[in-house]
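# Understanding the architecture of this molecule
Take a look at the letters that make up each chain.
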Amino acid sequence: MPHRRTLTHDEHAGAPFAPDLHDARHLWLKAGLLLVWALVSFVACFFARDLQFAVGQWQLSYWIASQGAVLMFIVIVCVYCAAMSHFERQDRAAQHKAAEAQAHD
């Protein structure tokens, strides 16, 4: 197994984050999840008051605003974790393939 070199803080002095965190896949994932968060936080809760039927003793708008938003935030976190795990597996496979190709040369 090849030794993976980790960069020190001094080598990242010009960048606030490690360069691999600026990968386009990560940025698109973060942008998409941020959009979902904004839609759930502001749009769904704003229009929820127009729903005028009751669930038990409470209006459905209460359930959407209080419970549905929290459940969607949990889903957003789970999607982020699964996607980042998938990206890491892809990166590991690409590194392994590159190491094998380099070893055969």
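What counts, and where the lines are drawn
In this convention, every chain numbers its residues from 1, walking through the sequence in written order. With pLDDT at 70 or above as the cut-off, local features in this predicted model cover only qualifying residues; side-chain atom pairs require 80 or more to be listed or tallied, and sums for whole chains, interfaces and linings still use all residues. Only hydrogens and water are removed before side-chain values are computed, so all heavy atoms of the structure are retained for them. A run of H or I in DSSP counts as a helix once it spans at least four residues, and a run of E counts as a strand once it spans at least two, with each numbered from the N terminus. Between buried and exposed lies partly exposed: a residue is buried under 20% and exposed over 50% of the maximum accessible area for its type, with that area taken using a 1.4 Å probe on protein chains only. For patches, a residue must show more than 30% relative accessible area and have no salt bridge; joins then use 9 Å for like charges and 5 Å for nonpolar side chains, namely Val, Leu, Ile, Met, Phe, Trp and Tyr. Using the Shrake-Rupley algorithm and a 1.4 Å probe, accessible areas are obtained, with residue cover drawn only from the displayed protein chains. The term salt bridge refers to a pairing of a side-chain nitrogen on Lys or Arg with a carboxyl oxygen on Asp or Glu at a separation within 4 Å.

The name an unreviewed UniProt entry assigns to the protein chain is DUF4212 domain-containing protein, from the organism Alicycliphilus denitrificans.

## A closer look at the environment of Ile-64
Relative to the helices and strands, Ile-64 is located in helix α2 (residues 60-104). Of the residues examined, Ile-64 reaches a relative accessible area of 27% and is grouped as partly exposed.

## What to know about a nonpolar patch on the surface
Judged by side-chain polarity, Leu-34, Leu-35, Trp-37, Leu-39, Phe-42, Val-43, Phe-46 and Phe-47 come together as a nonpolar surface patch covering roughly 820 Å² of accessible area. Within the secondary structure layout, Phe-42 lies in helix α1 (residues 24-48).

## A word on the environment of Leu-39
Among the structural elements, Leu-39 can be located in helix α1. Overall, the relative accessible area of 43% leaves Leu-39 in the partly exposed class. Separated by 30 residues in the primary sequence, Leu-39 and Ala-69 place their C-alpha atoms 9.9 Å from one another.

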